[in-house]
Amino acid sequence: MSLRRKIFIAIISSLIGLVIILLGVSRFIILHQFDEQQQVIVHLNMDRALIAIDRELDNLSSIDSDWAYWDDTYRFVQDRNQAYIDSNLTDDTLDNLSLDFMVFVDSQGKIIFSKERDTRAENAFKTQPSILRALLELPEPTHLNKGIMLVSQMPALVVSRAILQSTTTGTSLGMLILGRYLNDEGINKLSEQTQLSLSLCLVDAPCNVTDFEQVKSVLVTPDAPSLVYMSKDQIAEGYSLLKDIIGQPALILQIQSPNRIYQAGQQAVVYISILLLVAGIIFGIVAMLLSERIMISRLAFMDRRVAEITSSNDLSARISMSGNDEVARLAATINDSLAKREQSQEEQFRELNAALTRVNGELQEKIADLKANQKYKDRFFTHASHELRTPLAIIRNQLYLARKKPDQWENRIDSLEETLNRLLNVIDDIFEMTKLQDQNLTLNRQKVDLKSFMSMILDGMTADFRAAQINVRQEFADNIPVSIDFIYLGRACANLLRFLIDSSQPETEIVIALQKQSVDGKFVASIEMSSTTLHFSEEEIPQMFLPFYQVSEGNVHNTGLNLAIAQQILQVHEGTLAAYNDPVKGGCFQMTLPLQSPEEIAFDKIPVSTL
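Residues numbered from 1 in each chain as written. Predicted model: local features only at pLDDT ≥ 70, side-chain atom pairs only at ≥ 80, totals over all residues. Heavy atoms only, no water.

Caption draft 1: Representation of the packing of aromatic side chains within the structure. Under the defined criterion, the tally for this structure stands at 12 aromatic pairs. Measuring from ring centre to ring centre gives 4.7 Å for F76 and Y84, while their planes differ by 20°; the resulting arrangement is stacked. Relative accessible area serves as the criterion here: at 2%, F76 is assigned to the buried category. Through successive ring pairs, a cluster of aromatic residues spans W67, W70, F76, Y84, F104 and F113. (Phe/Tyr/Trp six-rings, centres within 6.5 Å; stacked < 30°, edge-to-face > 60°. Buried < 20%, exposed > 50% of the residue type's maximum accessible area, 1.4 Å probe, protein only.)

Caption draft 2: Unusual backbone geometry, seen in detail. A positive phi angle, close to 50°, is found at R80, a residue other than glycine. Within the element layout of this structure, R80 appears in the loop between helix 2 (71-79) and helix 3 (82-88). Located in the positive-phi region is S98, a residue other than glycine, with phi close to 55°. Residue placement: S98 occurs in the loop between helix 4 (91-97) and strand 1 (101-106). A residue is classified by how much of its surface remains accessible, and S98, at 32% relative accessible area, is partly exposed. (Helix = DSSP H or I, 4+ residues; strand = E, 2+ residues; numbered from the N terminus.)

Caption draft 3: Representation of the sheet that holds strand 8 (residues 235-243) in the model. With antiparallel pairing, four strands are arranged side by side in an open sheet as 6-9-8-7. What marks the edges here is a single partner per strand, and that holds for strand 6 (197-202) and strand 7 (228-231). Here the strands of the sheet are splayed against their neighbours by 20° on average, with no regard to which way each runs. In terms of strand pairing, strand 6 meets strand 9 (residues 249-258) through six bridges, oriented antiparallel. Each residue of the ladder has a partner; that of L200, found in strand 9, is L253. The strands touched by helix 7 (residues 212-219) are strand 6, strand 7, strand 8 and strand 9; relative to strand 7, the strand with the most contacts, the crossing angle is about 150°. (Pairing = 2+ DSSP bridges. Axes fitted to C-alpha atoms, helices over the stretch in contact; angles between N-to-C directions. Contact = heavy atoms within 4.5 Å.)

Caption draft 4: Looking closely at the environment of D464. Of note, D464 is situated in helix 13 (residues 462-467). Under the relative-accessibility criterion, D464 is labelled partly exposed at 32%. Sequence separation between D464 and R498 is 34 residues, and the spatial gap between their C-alpha atoms is 8.1 Å. Once residues within four sequence positions are removed from consideration, D464 is found in contact with R498 and I501.

Caption draft 5: Spatial organisation of the side chain of S483. Checked against the element boundaries, S483 lands in strand 12 (residues 481-485). The class for S483 is buried, based on a relative accessible area of 14%. When sequence neighbours within four positions are dropped, the list of residues in contact with S483 reads R445, Q446, K447, H573 and Q596.

Caption draft 6: Representation of the state of the cysteines within the structure. Following the criterion strictly, the structure yields one disulfide and no others. Put simply, C201 and C207 are joined by a disulfide, and their sulfur atoms are 1.7 Å apart. According to the relative accessible area criterion, C201 is buried, its value standing at 8%. (Disulfide = S-S within 2.5 Å.)

Caption draft 7: Looking closely at the sheet that holds strand 5 (residues 174-181). Taking strand neighbours across the sheet as the criterion, the five strands line up as 2-1-5-4-3 in an open arrangement whose pairing is antiparallel. The open sheet has two edge strands with one neighbour each: strand 2 (111-116) and strand 3 (144-151). When strand polarity is set aside, the average angle formed by the axes of neighbouring strands in this sheet is 20°. Inspection of the sheet shows strand 1 paired to strand 5 by six bridges, in the antiparallel sense. The partner of F101 across the bridge, within strand 5, is G179.

Caption draft 8: Representation of the confidence of the model for the protein within the structure. When pLDDT is averaged along the protein, the result is 78, and 80% of the positions lie at 70 or above. The low-confidence segment residues 553-558 (pLDDT under 50) makes 15 contacts with residues lying over four places distant or belonging to another chain. (pLDDT = per-residue confidence, 0-100.)

Caption draft 9: Main features of the pairing of strand 4 (residues 154-162). Within strand 4, eight of the nine residues are buried, which leaves it mostly tucked inside the rest of the structure. From the end of strand 3 to the start of strand 4, which pair antiparallel, there are two residues, and S152 there has a positive phi angle of about 55°. By the bridge criterion, seven bridges tie strand 4 to strand 5 in an arrangement that is antiparallel. Considered in strand 5, the bridge of V158 is made with G179.

Caption draft 10: Inspection of helix 14 (residues 486-503) at higher detail. Compared with the 26 Å implied by 1.5 Å per residue over 18 residues, the 25 Å span of helix 14 between its first and last C-alpha is a close match. Of all 18 residues making up helix 14, 14 are buried, and the element is well covered by its neighbours. Where helix 14 begins, the capping side chain belongs to D485, and its oxygen is found 3.0 Å from the backbone nitrogen of I487. (Expected span 1.5 Å × (residues − 1). Polar contact = N/O pair within 3.5 Å; in protein donor to acceptor, adjacent residues only side chain to side chain.)

Caption draft 11: Representation of helix 2. Every buried residue of helix 2 is accounted for by T73, Y74, F76 and V77. For helix 2, the arc enclosing every buried residue in end-on projection is 160°, short of the 170-degree limit, so these residues lie on one face. Two residues or fewer after helix 2 comes R80, characterised by a positive phi angle close to 50°. (Arc of directions from axis to C-beta.)

Caption draft 12: Main features of the nonpolar core. In terms of nonpolar packing, the biggest core is built from 48 residues, with L450, F453, M454, M529 and F589 touching the most fellow members. Of all the secondary structure elements, the ones that give two or more residues to this core are helix 12 (450-460), strand 12, helix 14, strand 13 (509-519), strand 14 (522-531), helix 15 (562-572), strand 17 (576-582) and strand 18 (586-594). Among the elements that take part in this core, helix 14 stands out by supplying 11 residues, more than any other. One finds Y74, I148, V159 and A250 within the second-largest nonpolar core, a separate group that totals 44 residues. (Core = buried A, V, L, I, M, F, W, Y, C linked by side-chain atoms within 4.5 Å.)

In structure tokens form, the structure reads like this:
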């Protein structure tokens, strides 16, 4: 087959393949990008809907505060006078306040008076006892509970406050509960506020929303996303799970909006397809004409000349080619290659040898890394198997003795249970260590002032300090904003504090210091924990954070994973953890975390269950 025909086939095939690939890629990329933009819009719309619900709860909270902190209401729950009801609790009151019900509850949790906008019997204030208890329990008299709950089998926004005097003083004599139903009227009101198409479905009841069961199965899973997005021909839909006041799945919120962005993407793909097809045809014709004139005819001449030189074996012969383009330079290159063939062969040999030497060095480095990794894995599995084998051997021995003496079985239960708990703790630590070493681990970061976070950690360990007769001194600097995962960093701090408690003598003072430090020209947040009676062995410091390395201080031994887990947690937070000895402070642990900009940070609420 001639070169001319091959080039023609190559150009046509390449153009066809290129057009198909470009169409496929452009369709995928463009539609994917447009779909992502549509999804962003749905996310923003869902945030608007959730914010509207929060505003409704804040409005209810403000109304509840006005009524609950009122001397007349305070007297009413004491003497239940009819004059208060006649003057204040009329139908117009609920209409003016846009309330569906007001419920007055005494200090014993008994409803003493309720007022509903809809007075039908089936809409009386009824709810589950567990939810009602959660609604009535307040940590402080001036606190409030608010959220979503089912009232008479209908979802409602509900808030509750303790009834106090107008000065918010006095002993609480009851609770005031206010609520608005999330019925058709309530949903329409939210839709008007947000300019969105909203609908609600109970999680535990049938719903006529399309794909409800599929969405529900996704949203109620333990690791469920905050939003389920679905794109259809004309409509983009978003679904989010709303939990009730006790944290149980209660409602699924659906928002709908026109799928205009994705439709625009489809139109763009059609226009691009037509443009690519036309451009491909024109380009193919032009490419064939130019290749014939500029390249093929000249290459044919060069082919004949090279054949002549080859047949004559005359290395002094040259190819005469005019011009200053690639073909002319190719002819010049061939001429130069003929003259310097032996020299180029030697140069190629030297370059090949150098490349082989470089590759060999890289292979040696890789082999050394693999050996180091294998050594680490062997050590990890050796210690892990030892930690698992020891409690298993104890369990097997206890079972053997119990089989020999069945009458003493009950005496061995406590020992078996303690050994089993130890085994489970080791397995949990190994699992946690493996998860932390996974590069795909996603942290649930939240922004918080480090002082508030550490105060909460220390409050949670007050009992441990008291039991060990340890004094704690806090040296906390203010305004140290960081972005952390409360659960993981809380565990790291707890691991280090428990190590200090176990390693310190009674009446020892543990010092917790928080400050900002400059490291390599950048400010970081520093957490320093020290104990005056603790001293690390200089030989152990480089190895004490290795998995299963048994750091010992006096008669105290760690599990071998707590310090390694703490270091891994700091690493995934882009921070550091180090240990050292200080002549005054004693043994010290120092953690560093990236410092957030105070101008850009909005502190999040710290969860109660960080530890």
